[in-house]
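# A structural walkthrough
Chain by chain, the residues:
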2 protein chains.
Amino acid sequence: MLAYCLQVSDADLLFKALADPGRRKLLDRLHAHDGQTLGELCQHLDMTRQGVTQHLALLEAANLVAVQWRGREKLHFLNPVPMQEIYERWVRKFEKPRLKALHDLKRRLEDGDD
Amino acid sequence: MLAYCLQVSDADLLFKALADPGRRKLLDRLHAHDGQTLGELCQHLDMTRQGVTQHLALLEAANLVAVQWRGREKLHFLNPVPMQEIYERWVRKFEKPRLKALHDLKRRLEDGDD
DNA sequence: ACAATATGCAAGCATTTACTTGCATGTCAA
DNA sequence: TTGACATGCAAGTAAATGCTTGCATATTGT
């Protein structure tokens, strides 16, 4: 597949994107109000616009944020899917077996509902 | 509480610990076989012993690994609890609301069962 | 058309990170 | 008790990271 071209894994991009407090704060702000422009995200954030831009670039690379241009404005949208994948790979896998059955059941219910 | 003394948050230690492929590999190896010594963990890992030691120190700081001394050997054990907390704070929170009810139900069932 | 606005791009710098080498300490076993 | 083994500690280095400043580009509205 495409994996041959990648030098870093998805998990690497994902965890590195989440490893910074500023980037996590950006995710929280998008969670509170999705679709904000770069300028809006810069407000209340103690950093220059370029700093925020670079953080957002990493979040985009990790597929945690999707962008959409509207004229000269860049709108940012949260994508929760990679976080679900963290759950599958790094939380559910490490759970105690006793709890696993419940989670499996839950997952099946959700998949059916989707 | 103790939080006044901390310069970095739990989430910071946690995600930074998980942001390195070598450390994630260590977690996987402990998941496959818990309670390994440092020497055992060094095998099949393309790094010096000191490198592994430093990675394990970060995993300990993030409370993902607990250690127990047996004579001159240091045994390492996996602690899945912080990963559950990732789920609570960074996966469940960002889920679509429609799915949330199911998760809440599941959580209540688990809490009751614990 | 032109000024204001929204963002991109690139270079520079300070700090942190990942990793190594060398030596010290403590434990086991013959 | 002494040599082998398991690990700790500290300093040095190369690369990555976070952030800034300065300038370029594109869009909007008057």
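Residues numbered from 1 in each chain as written. Chains lettered and ligands numbered in written order. Predicted model: local features only at pLDDT ≥ 70, side-chain atom pairs only at ≥ 80, totals over all residues. Heavy atoms only, no water.

### A closer look at the pattern of salt bridges
The final tally for this structure, using the stated rule, is 14 salt bridges over all chains. In this structure, D12 of chain B and R24 of chain A form a salt bridge, with 2.9 Å as the shortest nitrogen-oxygen distance. With D12 of chain B in helix α1 (residues 10-18) and R24 of chain A in helix α2 (residues 21-32), this residue pair bridges two chains. Accessibility classification places D12 of chain B together with R24 of chain A in one group, the buried group. Two residues, D28 of chain A and R89 of chain B, come together in a salt bridge whose shortest N-O distance is 2.6 Å. (Salt bridge = Lys/Arg side-chain N within 4 Å of Asp/Glu carboxyl O. Helix = DSSP H or I, 4+ residues; strand = E, 2+ residues; numbered from the N terminus. Buried < 20%, exposed > 50% of the residue type's maximum accessible area, 1.4 Å probe, protein only.)

### A few points about the sheet that holds strand β3 (residues 73-78) of chain A
Residue and element names in this part refer to chain A. Pairing within the open sheet is antiparallel, and its 3 strands lie in the order β1-β3-β2. The open sheet is flanked by β1 (36-37) and β2 (65-70), the only strands paired with a single partner. Sheet topology note: the β2/β3 ladder contains 6 bridges and is antiparallel. Within β3, the position partnered with W69 by the bridge is K74. In this fold α2 packs onto β1, β2 and β3, with an angle of close to 90° to the strand it touches most, β3. (Pairing = 2+ DSSP bridges. Contact = heavy atoms within 4.5 Å. Axes fitted to C-alpha atoms, helices over the stretch in contact; angles between N-to-C directions.)

### What about helix α4 (residues 49-61) of chain B?
All names here are of chain B. Counted at 1.5 Å a residue, the expected span for α4 with its 13 residues is 18 Å, and the 18 Å between its end C-alpha atoms agrees. Among the residues of α4, G51, V52, H55, L56 and L59 are the ones counted as buried. The arc that holds every buried residue of α4, seen down its axis, measures 130°, which confines them to one face. Next to the buried residues of α4 lie α1, α2 (21-32), α3 (38-42), β2 (65-70) and β3 (73-78). Positive backbone phi, approximately 65°, marks N63, located one or two places after α4. (Expected span 1.5 Å × (residues − 1). Arc of directions from axis to C-beta.)

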